[in-house]
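Listed below, chain by chain, are the residues.
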Amino acid sequence: MNVEGVGEESITDFLLWKWALIDRKFRSIKVSSFTRQEESSISGADFEMEVWLVGSKLNYPLVFQAKKFVKTYDGYVNKLNYPKNTKNQMSTLLKYASANSRIPFYAFYSLPDEKTKAMCRHNDVEDCGVFMAHAKVVEEFADGKHGRRVSKNDLLGVSNPFHCIFCCPIAFRGYFEKYFPSIDGELSEQSLPEYVRYLLDAHELEISEERVRTFIKEYNLGKFRHIAVYDMRELEESPNKALQRTSR
Ligand SMILES: [Zn+2]
């Protein structure tokens, strides 16, 4: 709030760095730091990040656009129709997601107030700064279906705290299907791309710059600023194990 010049990109950089520090199941590559050297000073990435939540049965490939929405009202309908009221940025996200079986999300970097309510009521949103909303739901706001005067809390109301993925009572057990029902058609049982496997299995100190450069070219990853994977394979199994233990 107090440092206006800090935009979405810096916030994402900071958050991913912090996440990797506290959790070894998480691994990310700042693609833009590779593409910058090769092309111009502008990375030209279309999307903020691709995050693969890798489970033992299902994978959730999420692709994000990020928005820093702090004030109560701030011309949000126009901002969602970026750039210049063309809605090109959002359309690119939705098209990419449907063509590639990814789930399109908006990450809202925001500040809740006493009136903020997210979809999930299990978690207090008071100290939450990162929310996520399905892009198709956000599109309705861009298209004016909720009027021209949209508040920050209107948008956070169709969002969930980002951390709900991990600490919701139904985390790893149908969380996405419950809160983001329109993902049904987008989830297919696709195998993991090679670069995701590589990130999952490589020790963080073993990640080779050369391999990463090859992946970026081969999979055209330059459209993302960051690529990240989160290994949920053990986490997903643990609720069942716990259940078995109690039933015995
Ligand atoms: Zn929750």
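The present account deals with the structure reproduced in this document. (Residues numbered from 1 in each chain as written. Predicted model: local features only at pLDDT ≥ 70, side-chain atom pairs only at ≥ 80, totals over all residues. Heavy atoms only, no water.)

A closer look at the overall build of the protein
Along its length, the protein carries 11 helices and 7 strands. In the protein, buried positions account for 46% of the 248 residues. Contacts in the protein between residues far apart in sequence, at least 24 positions, make up 76% of those at least 6 positions apart. Total accessible area on the protein is roughly 13200 Å²; 49% of this is exposed by carbon and sulfur atoms. (Helix = DSSP H or I, 4+ residues; strand = E, 2+ residues; numbered from the N terminus. Buried < 20%, exposed > 50% of the residue type's maximum accessible area, 1.4 Å probe, protein only. Contact = heavy atoms within 4.5 Å. Areas by Shrake-Rupley, 256 points an atom, 1.4 Å probe, with all protein chains shown as cover.)

Remarks on empty space enclosed by the protein
This structure, assessed with the given rule, holds 2 cavities of 30 Å³ or more. Computed from the structure, the largest cavity encloses a volume of approximately 50 Å³. Lining the largest cavity are Ile-29, Val-31, Tyr-195, Tyr-198, Leu-199, Val-212, Phe-215, Ile-216, Leu-221 and Ile-227. Of the residues that constitute the lining of the largest cavity, the class distribution is 10 nonpolar, no polar and no charged. (1 Å grid on protein atoms, 1.4 Å probe; cavity = no way out; pocket = protein on both sides within 12 Å on 5 of 7 lines; lining within 4 Å. Points joined across faces, edges and corners; volume = space filled by probe spheres on them. Nonpolar A, V, L, I, M, F, W, Y, C, P; charged D, E, K, R; others polar.)

Brief notes about the sheet that holds strand E2 (residues 47–54)
A sheet is described by the order of its strands in space; here 7 strands give the open sequence E1-E7-E2-E3-E4-E5-E6, paired in mixed fashion. Both edges of this open sheet fall to strand E1 (26–30) and strand E6 (160–161), since each of them pairs with a single strand only. Sheet topology note: the strand E4 (residues 103–110)/strand E5 (residues 130–134) ladder contains 5 bridges and is antiparallel. Residue pairing in the sheet places Phe-105 in a bridge with His-134 of E5. The strands that helix H5 (residues 135–142) touches are E4 and E5; relative to E5, the one it contacts most, it runs at about 85°. (Pairing = 2+ DSSP bridges. Axes fitted to C-alpha atoms, helices over the stretch in contact; angles between N-to-C directions.)

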